[in-house]
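Single-letter residue listing:
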Amino acid sequence: MADDYPSLLRSEQMSLVQLFVPTEVAHDTVAELGELGNMQFKDLNPNVNPFQRSFVGEIRRIDEMARRVRFFSAQLAAEKDVVPIRPLYDSAPLITVGPRAAQTIDELDVTLAEHESRLVKMNESYQTLSTRTRELVEAKHVLRETAVFFDRAQGQQTDIRTSFDESSAPLLQHDDRESQFSAGANVQFDLEFVTGTLDRARIPTFERVLWRVLRGNLYMNHTDIVEPFVDPATGAETRKNVFIIFAHGDALLAKIRKVAESMGATLYPIDANADKRAEALREVSIRLEDIETVLYNTGSNRRSEIVRIGESLRSWQDVVKKEKLIYETLNLFNYDVRRKTLIAEGWVPTRDITTIQVALRSATEESGTSVPPILHELRTSKTPPTYHRTNKFTEGFQTIMDSYGIAAYQEVNPGLFAVVTFPFLFAIMFGDIGHGFIILFAALYMILAERKLAKQDLGEIFGQFFFGRYIILLMGAFSIYTGLMYNDIFSKSLHLWHSAWDFPDADGAGKVVGTIGSHRYPFGLDPGWHGADNNLVFVNSYKMKMSIVLGVIHMTFALCLQVPNHIKFKRPVDIYANFIPQIIFLMSIFGYLVICILYKWSVDWSQTSVKPPSLLVMLISMFLSPGTVEEPLYRGQGPIQVVLLLLAAVCVPWLLITKPYIQYKEMKKIHDQGYVGLNHEVPARDSSDEALEGEEEGNGRAIAEAADEEHEEHDFGEVVIHQIIHTIEFCLGCISHTASYLRLWALSLAHAQLSEVLWSMTIEGFLNPAGIIGWIALIIISALWFVLTIFILCIMEGLSAFLHALRLHWVEANSKHFEGGGHAFTPLSFANAEFKE
């Protein structure tokens, strides 16, 4: 009956099924199974090259569509102004199943190609126009700054030499000729100069290079262009300067041009005639206005195109993702030429077979055909995948356990018990009522707003917290409980009931010695201990012993989980050859220690004539001097400890010898019956009537797979070595793992002390404010204390306690029973697939 009602205690019972799918309904069948998400397909063509499979053409087509969709996504992401993208749940669905599925994909392919073509052309046009605009703007600045330079120079003609000679004439001319032609104010003359623009950062280098190349035979002037130039492709800003260089001679001018071009300058031919410069400036201004108008219109059209793409982008991504998964899955199928059908095999949860059959009928109806796919179970000895059916509450806990390793098929699942033990061990280290409420409210917010948050991109860090919101919820609730047990709220105590301790007036030494009354504090730690001088001593002893008790209980429970595994897998030998000696060994030493701790707590030592003995000394002397007890805890302690020590000593050879001996007897018995291993002789294949009938029904592949299944064979030497290692690991692990649980005490103490230090160093000195300044200081310090509490005590300390609780489950608990070695169930599911950018 246990298999009829699966639970999280064991993985789902799985079945290997075979599908015969007609080719005309294959696409819709895989689409239905992908929406259902509960079938893991096997590759029936392992020896076929991926480029030689049946649906390579369709996959290449889908890849091309995916490339276009990625191109659109990149274009939208590169926009300065955010482009609204319609979410998938708000988009009109594209029907890719049924009789019109092929037509829908064809139309989508054409649509994507048209959008890509238009967007590429617009990008090219926008790039060309932007480049031309940039050139015209630079030319405009060059003309304007050149005119300014000449106007300034015209007012200082006596300082500027004018030349009317040929380019080969010397620089120095006769003064009479200069005065002759400079007297006319309206005389036009040709000057030899080079103008252009250059990156502002390269101007000093440009000047030095020209000075050295031309040996000082030049005059250079440059001016800053205020507006930066923005590259339309990269968005990078560039600041440039306009320069004008005067020199004499064609050779020098050629050198100037070569140096300028080598440094990335843009040269512009400017006429020396003022009228021509003015006319050129007017032409450039008119052309610039026209190009800016065209550029604006092109940008508007491009923006409209991108907005239209954003309306459908999520829908396109979803279709492309699903179609690629469908055809990749179809490539795993085997094509039966004789029957004109596709044959598929895969693992499914046994209780979902009926749901899958309904989905197959639905796919047949949607495709408009009358031939349905055929499904039947196969017999196999292959190990099925491990599948734990979880919900949003248990998913986080199961993920934590799966990170340690995938459980074997039908093995006891530690994730079920981690729902309780993980937040409880965390809370022991984190116990504080106030801090527990903070993380509880944070988890409640994420849970109440989970629909809204699930639709957002939360980022990697906050996304992890959101995924574990139910873990955080239980960690907060358990922390409140342990905080009540510790009577600790932000390092302060709660006086919910009257303390059992009374403190009379101080004696002569200035110390107050508390006297205990007749009643007891009903729940948790008595608040009278807070502020006492021996508070730390008492709490240390209490938490240290509590850590040992809880650690041994946790390990014992984990060890007992071996029993259902041995019973399930029919291994009775492991129960009395492994489990029984292990539990006796653990209980005879550390179980005895736990009983002594509980007994010592139960005795009122103030009413006895002897002082309480040290349990640590007792445990050490139990091994070093068996039978000798200097400070007895109870009557007959010596003989009982000797008996327990003998039991522990007997368990070691019991673990070492029993299982190898039993396996040796079984191997010898099989050998005496005349059987040999597979590596000596291959036994004849079973050819019974039942097997032959199964082959006729299509089970031949499963029988062949069963024959090919690799069974791990061990010789006797390997069995002995494995058992020796297992015994040593368990015996030493009992000691080290028990000591490892002391981290519960250490982190709980550190958390409480850090909380107390934070309180005393921040808010405690401002609790009695005097005047308005005192109240302002109290508000500021309170805010600082709250922020530090959240980031240091709740987040940093919480992560530390989380990691330590994780280690206690992975190492100390799972090593006692967890077998692992399974492989996860990875079904075809559209919900888990992500579109790869």
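Residues numbered from 1 in each chain as written. Predicted model: local features only at pLDDT ≥ 70, side-chain atom pairs only at ≥ 80, totals over all residues. Heavy atoms only, no water.

Draft legend 1. Summary view of the overall build of the protein chain. On a plain count of helices and strands, the protein chain comes out with 23 helices and 13 strands. Taken across its 837 residues, the protein chain has 42% of its residues classed as buried. Counting only contacts in the protein chain whose residues sit at least 6 apart along the sequence, the fraction spanning at least 24 positions is 81%. Approximately 46500 Å² of the protein chain is accessible, and the part contributed by carbon and sulfur atoms is 59%. (Helix = DSSP H or I, 4+ residues; strand = E, 2+ residues; numbered from the N terminus. Buried < 20%, exposed > 50% of the residue type's maximum accessible area, 1.4 Å probe, protein only. Contact = heavy atoms within 4.5 Å. Areas by Shrake-Rupley, 256 points an atom, 1.4 Å probe, with all protein chains shown as cover.)

Draft legend 2. Layout of the packing of helix 1 (residues 23-36) against helix 7 (residues 274-330). At their nearest, the axes of helix 1 and helix 7 sit 10 Å apart, and the two run at 115° to each other. As judged from the angle between their axes, helix 1 and helix 7 are roughly perpendicular. Note on packing geometry: the crossing formed by helix 1 with helix 7 is right-handed. Between helix 1 and helix 7, the residues in contact are Ala26, His27, Val30, Ala31 and Glu35 and Lys322, Glu323, Ile326, Tyr327, Thr329 and Leu330, respectively. (Axes fitted to C-alpha atoms, helices over the stretch in contact; angles between N-to-C directions. Parallel < 35°, antiparallel > 145°, perpendicular 65-115°, else oblique. Left-handed = near helix turned anticlockwise from the far one by under 90°.)

Draft legend 3. Representation of the pattern of salt bridges in the model. Counted by the stated rule, this structure contains 33 salt bridges. Here aspartate 106 and arginine 61 are joined by a salt bridge, their closest N and O atoms 2.3 Å apart. With aspartate 106 in helix 3 (residues 101-154) and arginine 61 in helix 2 (residues 56-78), this pair connects stretches of sequence that are 45 residues apart. Assessed through its relative accessible area of 31%, arginine 61 is described here as partly exposed. Taking the shortest distance from any N to any O, the salt bridge between arginine 134 and glutamate 138 comes out at 3.7 Å. (Salt bridge = Lys/Arg side-chain N within 4 Å of Asp/Glu carboxyl O.)

Draft legend 4. Geometry of the environment of tryptophan 654. When you line up the elements, tryptophan 654 lands in helix 19 (residues 637-672). What makes tryptophan 654 partly exposed here is its relative accessible area of 28%. Taking the C-alpha atoms as reference, tryptophan 654 lies 9.5 Å from threonine 727; in sequence the two are 73 residues apart. Discounting chain neighbours no more than four positions away, the residues touching tryptophan 654 are Tyr576, Ala577, Ile580, Pro581 and Ile584.

Draft legend 5. Looking closely at helix 21 (residues 716-740). The end-to-end C-alpha distance of helix 21 is 35 Å, a good match for the 36 Å that 25 residues give at a rise of 1.5 Å each. Of all the positions in helix 21, only Val719, Gln723, Thr727, Phe730, Cys731, Gly733, Cys734, His737, Thr738 and Ser740 are classed as buried. Where helix 21 is buried, its residues contact helix 15 (535-560), helix 17 (572-602), helix 19, helix 22 (743-761) and helix 23 (771-813). (Expected span 1.5 Å × (residues − 1).)

Draft legend 6. Focus on the pairing of strand 7 (residues 240-246). The element strand 7 is extensively covered by neighbouring structure, given that seven of its seven residues are classed as buried. Examined bridge by bridge, strand 3 (residues 193-199) and strand 7 share seven bridges and lie antiparallel to one another. Its bridge partner being in strand 7, leucine 198 is matched across the sheet by asparagine 241. Both strand 4 (residues 219-224) and strand 7 contribute to a ladder of six bridges, which runs antiparallel. (Pairing = 2+ DSSP bridges.)

Draft legend 7. Spotlight on the sheet that holds strand 7. Taken together, the four strands give an open sheet; going across it, the order is 4-7-3-8, and neighbouring strands pair in antiparallel fashion. This sheet does not close on itself; its edge strands, each paired only once, are strand 4 and strand 8 (266-268). Neighbour-to-neighbour, the strand axes of this sheet turn through a mean angle of 25°, independent of strand direction. As paired elements, strand 3 and strand 8 share three bridges and run antiparallel to each other. Bridge pairing in strand 8 links threonine 195 to tyrosine 268.

Draft legend 8. Seen up close, the confidence of the model for the protein chain. The pLDDT averaged across the protein chain works out to 82; a share of 87% of its residues lies at or above 70. This model gives residues 158-165 a pLDDT under 50, and the stretch forms 13 contacts once residues within four places in sequence are excluded. Below a pLDDT of 50 lies the segment residues 678-712, which in the model reaches 38 contacts outside its immediate sequence neighbourhood of four places, other chains included. (pLDDT = per-residue confidence, 0-100.)

Draft legend 9. View of unusual backbone geometry. Positive phi values are uncommon outside glycine, yet asparagine 487 reaches one of about 55°. Here asparagine 487 is to be found in the loop between helix 14 (469-486) and strand 12 (501-502). With a phi angle near 55°, lysine 570 is a residue other than glycine that sits in the positive phi range. Tracing the backbone through its elements, the reader meets lysine 570 in the loop between helix 16 (562-568) and helix 17. In this structure lysine 570 comes out as exposed when scored by relative accessible area, which is 72%.

Draft legend 10. Representation of the side chain of histidine 141. The residue histidine 141 is located in helix 3 in this model. Histidine 141 gets classed as buried once you look at its relative accessible area, which sits at 12%.

Draft legend 11. Structural view of the packing of helix 15 against helix 23. In the contact formed by helix 15 and helix 23, the axes pass within 10 Å of each other and the chain directions differ by 50°. One way to sum up the angle between helix 15 and helix 23 is to call them oblique. Where helix 15 crosses over helix 23, the handedness of that crossing is right-handed. Where helix 15 abuts helix 23, its residues His554, Met555 and Ala558 lie against Leu808, His809, Glu812 and Ala813. Of the residues that constitute the contact of helix 15 with helix 23, the class distribution is four nonpolar, two polar and one charged. (Nonpolar A, V, L, I, M, F, W, Y, C, P; charged D, E, K, R; others polar.)

Draft legend 12. Representation of the packing of aromatic side chains in the model. Summed over all chains, the structure comprises 24 aromatic pairs. Centroid distance phenylalanine 55 to tyrosine 327: 5.9 Å. Interplanar angle 40°. Geometry classified as tilted. Of the two residues, phenylalanine 55 is situated in the loop between strand 2 (40-41) and helix 2 and tyrosine 327 in helix 7; the sequence distance between them amounts to 272 residues. This pair shows no difference in class: phenylalanine 55 is buried, exactly as tyrosine 327 is. Geometrically, the ring pair formed by tryptophan 759 and tryptophan 785 is edge-to-face, given 5.6 Å between the ring centres and 85° between the ring planes. Residue tryptophan 759 is found in helix 22, and its partner tryptophan 785 is found in helix 23; the two are separated by 26 residues along the sequence. Neither tryptophan 759 nor tryptophan 785 differs from the other in exposure class; each is buried. Chaining the aromatic ring pairs together yields one cluster made of Phe71, Phe72 and Trp316. The ring of phenylalanine 466 has arginine 469 lying over it, and the distance from NZ or CZ to the ring centre is 4.2 Å. The ring of tyrosine 486 is capped by lysine 543, whose NZ or CZ atom sits 4.2 Å from the centre of that ring. (Phe/Tyr/Trp six-rings, centres within 6.5 Å; stacked < 30°, edge-to-face > 60°. Lys NZ or Arg CZ within 6 Å of the ring centre and 35° of its normal.)

Draft legend 13. Molecular detail of helix 19. Spanning 36 residues, helix 19 covers 52 Å between terminal C-alpha atoms, matching the ideal 52 Å at 1.5 Å per step. Bending of helix 19 peaks at approximately 30° at the position of tryptophan 654. By the burial criterion, the buried members of helix 19 are Gln637, Gly638, Gln641, Leu644, Leu645, Ala648, Cys651, Leu655, Lys659, Pro660 and Ile662. (Bend = angle between axes of the 7 residues up to and from the residue.)

Draft legend 14. Main features of a nonpolar patch on the surface. Judged by side-chain polarity, Leu656, Ile657, Tyr661, Tyr664, Met667, Phe716, Ile724, Ile728 and Leu732 come together as a nonpolar surface patch covering roughly 830 Å² of accessible area. Mapped by element, the contributors of at least two residues to the nonpolar patch are helix 19 and helix 21. Among the elements that line the nonpolar patch, the one with the most residues is helix 19, at five residues. Along the chain, isoleucine 657 turns up in helix 19. (Patch = residues over 30% accessible without salt bridge, like charges linked within 9 Å, V, L, I, M, F, W, Y side chains within 5 Å.)

Draft legend 15. Inspection of the nonpolar core at higher detail. Phe422 and Phe585 are the most contacted members of the largest nonpolar core, which totals 76 residues. Sort the elements by how many residues they give to this core and helix 17 lands first, with eleven residues. Sequence-distant contacts of phenylalanine 422, defined by excluding residues within four places in its chain, comprise Ile400, Ile471, Met475, Phe802, Ala805, Leu806 and His809. Among the nonpolar cores identified, the runner-up in size contains 43 residues, and Phe41, Ala66, Val83 and Leu342 belong to it. (Core = buried A, V, L, I, M, F, W, Y, C linked by side-chain atoms within 4.5 Å.)

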